[in-house]
Amino acid sequence: MLKTYQYDQLSLEEIDELILRNTDPNNQIQDTVEQIISKVKEDGDDALKQFASRYDQIDLEQLYLDEGEIEALANSISREQQRALEIAFQNIYKFHATQLKKERTIETMPGVTCWREVRPIEKVGLYIPGGSAVLPSTLLMLGVPARIAGCKEIVVCSPPQKDGKVNGFIAYCLKLLQVKKIYLTGGAQAVAAMAFGTASVPRVDKIFGPGNQYVTKAKSLIQSLTQVSIDMPAGPSEVLVIADETANPAYIAADLLAQAEHGADSQAVLVSTNETLISNVNEALANQLRSLPRAALAQKALENSYAVIVDSLENALLFSNKYAPEHLIIQSDQWKKMVNGVLNAGSVFLGHLTPESVGDYASGTNHTLPTSGYARSYSGVSVDSFVKKITFQQLSSTGLQQIGSTVEILAELEGLQAHKNAVSIRLSDLND
Ligand SMILES: NC(=O)c1ccc[n+]([C@@H]2O[C@H](COP(=O)([O-])OP(=O)(O)OC[C@H]3O[C@@H](n4cnc5c(N)ncnc54)[C@H](O)[C@@H]3O)[C@@H](O)[C@H]2O)c1
Ligand SMILES: N[C@H](CO)Cc1c[nH]c[nH+]1
Ligand SMILES: [Zn+2]
């Protein structure tokens, strides 16, 4: 069922082509998103209401839910469901709390003291996907690090349901995060609303969150059009599994399907040293697909997926590092030896008993991760994403005397006399 390639028979160009995903060759998505962005910029709330009607099939009078409505919705879910969300919240909190580390102050020369201090980004916008599936887990993945960082204003946007509300799980997460409002807008229009601000939706300094190709394109365009920054391109989900003869084909199939069921544009890749394993995985895929409610979506994603046969685990890692998957799963008894060889990946799942789903929900690591090869240069969301690190320096008279002539020489060699003067004027006062 998975198209299969033989790694040693692929040319470099063929590998480059194979690892491309979610491109927008005819600029179709870009054109649509550009139109949406300019409409929201011009017409604000009216545009958001029109897009809700067009894309979410709901005519909204009000573009947000307030604290009372959130409370009522949050109370509608069972205690068991609340408890599961609480455990996820706590694990995500524990893992992310370790990320706020105080750095050392350093004297680079006697009397020249340098240090960095952390400041939260004041206003952050969190996009919570709600198209093909509503993802309360994403609200925890973004809201928890935002709270730990100390962001003052947390704006949350998510597509409205057909009843003009959000579901009780989203509402319960808002309660856990002490966020008192949610804006009922999705897609590129939500990104534009948070970037420009509308009568209802506040403008933010940075936009976070995963989404489909429209959301992801909107984030990248907004970053170039405004001073609002973004976390990273976090588009359609993807997974790459490296497996050898020690792996269980049913586990691999389950992991591939877990990402495939996100949407037709998801991709699931199997890289294996064992050809028989690949055919056993194909069999398991067919079996498991039969009982999946979202089989049609997963099937489409599998058509867009493939397997690669490699002659060694070293070559499996080579391919994986080129691909730079959002999620990498290593199903081999050799996993410990392979960890150092992982160079490009969003989040990694090691051994036979670590399904990727645990990271999606509750192990504690973040599930908002770079896709489409951006794991070559971006990290997933963390507390760092929600802060700025500001550098400070302070010189004593000894410090100025120690460093002064170096700066004077460097300023002169760049031909920047005023830079030199700013040092010289102080040095001459010290020497008087
Ligand atoms: N990379 C990550 O970290 C990560 C994490 C979670 C989810 N995801 C991915 O996020 C995505 C969520 O996508 P989704 O579609 O379910 O929800 P979504 O909320 O991202 O998108 C839904 C919205 O897209 C807009 N839209 C849909 N069709 C459109 C069209 N033809 N033209 C213009 N706008 C349109 C609508 O406004 C709709 O409300 C999935 O692909 C999932 O795999 C990625
Ligand atoms: N796998 C997604 C990231 O690509 C995250 C997620 C949320 N819910 C289920 N899965
Ligand atoms: Zn998932």
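Residues numbered from 1 in each chain as written. Chains lettered and ligands numbered in written order. Predicted model: local features only at pLDDT ≥ 70, side-chain atom pairs only at ≥ 80, totals over all residues. Heavy atoms only, no water.

Under the annotation held in an unreviewed UniProt entry, the chain carries the name Histidinol dehydrogenase and is attributed to Sphingobacterium corticis. For the chain, the Pathway (unreviewed entry) comment in UniProt is given as "Amino-acid biosynthesis; L-histidine biosynthesis; L-histidine from 5-phospho-alpha-D-ribose 1-diphosphate: step 9/9." Comment text from UniProt for the chain, heading Function (unreviewed entry), reads "Catalyzes the sequential NAD-dependent oxidations of L-histidinol to L-histidinaldehyde and then to L-histidine." (UniProt positions renumbered as here; feature names shortened; annotations may be inferred.)

## Here's the deal with the UniProt feature "active site" (unreviewed entry) in the chain
Cross-referencing UniProt, the feature "active site" (unreviewed entry) maps to Glu326 and His327 in the present numbering. Relative to the helices and strands, Glu326 is located in the loop between helix H12 (313-323) and strand E13 (327-331). Look at Glu326 and you get buried, because its relative accessible area is 4%. Beyond its immediate sequence surroundings of up to four residues, Glu326 is in contact with Pro236, Ser237, Glu238, Ala345, Gly346, Ser347, His367, Leu369, Pro370 and Thr371. At 3.0 Å, the side chain of Glu326 forms a polar contact with the backbone nitrogen of Glu238. By secondary structure assignment, the location of His327 is in strand E13. Exposure remark for His327: the relative accessible area of 1% places this residue in the buried category. Discounting residues that sit within four places of it in the chain, His327 has contacts with Glu238, Val239, Leu240, Gln259, Ser347, Phe349, Glu356, Asp360 and Leu369. (Helix = DSSP H or I, 4+ residues; strand = E, 2+ residues; numbered from the N terminus. Buried < 20%, exposed > 50% of the residue type's maximum accessible area, 1.4 Å probe, protein only. Contact = heavy atoms within 4.5 Å. Polar contact = N/O pair within 3.5 Å; in protein donor to acceptor, adjacent residues only side chain to side chain.)

## Describing the site of ligand 1
In the vicinity of ligand 1 there are 30 residues, among which Asp56, Tyr127, Ser132, Ser237 and Leu369 approach most closely. Separating an oxygen atom of ligand 1 from a side-chain N or O atom of Gln189 is a distance of 3.0 Å. Separating an oxygen atom of ligand 1 from a backbone N or O atom of His367 is a distance of 3.0 Å. Computed on the free molecule, ligand 1 has an accessible area of 870 Å², of which 86% lies beneath the protein chains in the complex. When residues of the shell around ligand 1 are traced back to their parent elements, those giving at least two are helix H2 (28-56), helix H7 (187-196) and helix H8 (213-225). The greatest single-element share of the shell around ligand 1, amounting to four residues, is contributed by H2. Taken together, the residues that form the shell around ligand 1 break down as 13 nonpolar, 15 polar and two charged. (Near = heavy atom within 4 Å. Areas by Shrake-Rupley, 256 points an atom, 1.4 Å probe, with all protein chains shown as cover. Nonpolar A, V, L, I, M, F, W, Y, C, P; charged D, E, K, R; others polar.)

## Concerning the UniProt feature "binding site: Zn(2+)" (unreviewed entry) in the chain
The feature "binding site: Zn(2+)" (unreviewed entry), as given by UniProt, occupies Gln259, His262, Asp360 and His419 in the numbering adopted here. These annotated residues cover 161 residues of sequence, and their C-alpha atoms reach 55.6 Å apart at the extremes, leaving them scattered rather than at a single site. As for its position among the elements, His262 is in the loop between helix H9 (249-260) and strand E11 (267-272). Judged by its relative accessible area of 29%, His262 falls in the partly exposed class. Filtering out sequence-adjacent residues up to four positions away, His262 remains in contact with Ser132, Ser237, Arg294, Leu297 and Asp360. Mapped onto the secondary structure, His419 falls in helix H16 (residues 417-431).

## Comments concerning the coordination of the zinc ion (ligand 3)
The protein atoms that coordinate the zinc ion (ligand 3) are His262 (NE2) and Asp360 (OD), at distances spanning 2.1 to 2.2 Å. Taken together, the four donor atoms surrounding the zinc ion (ligand 3) define angles of 88 to 179 degrees at the centre, an arrangement classified as irregular. Of the two residues, His262 sits in the loop between H9 and E11 while Asp360 sits in helix H14 (residues 357-361), which places them 98 residues apart along the sequence. Accessibility expressed as a relative area gives 11% for Asp360, which makes it buried. (Donors = N, O, S within 2.8 Å, 3.2 Å for Na, K, Ca; no water. Tetrahedral: all angles 85-135°; square planar, octahedral: opposite > 155°, others 65-115°.)

## A short note on helix H5 (residues 136-149)
Under the 1.5 Å per step criterion, the end-to-end length of H5 is 20 Å for 14 residues, consistent within 8% with the ideal 20 Å. Taking burial as the measure, the 14 residues of H5 include 13 buried ones, the bulk of the element. Directly beyond the C-terminal end of H5, a positive phi value near 95 degrees is found at Gly150. (Expected span 1.5 Å × (residues − 1).)

## Examining the state of the cysteines
In this structure the tally under the stated criterion is zero disulfides. The cysteine Cys151 is free of any disulfide, with Cys157 supplying the nearest cysteine sulfur at 15 Å. The buried category is assigned to Cys151, whose relative accessible area is 3%. (Disulfide = S-S within 2.5 Å.)

## So, the pairing of strand E4 (residues 112-120)
Strand direction decides the pairing type here: strand E3 (residues 106-109) and E4, joined by three bridges, are antiparallel. When the sheet's bridge partners are listed, Met109 is paired in E4 with Val112. In this structure, the hairpin formed by E3 and E4 is closed by a connection of two residues, where Gly111 is found at a positive phi of approximately 85 degrees. Pairing analysis gives nine bridges linking E4 to strand E15 (residues 387-395), with the strands arranged antiparallel. In the strand pairing of E15, Glu117 is matched with Ile390. (Pairing = 2+ DSSP bridges.)

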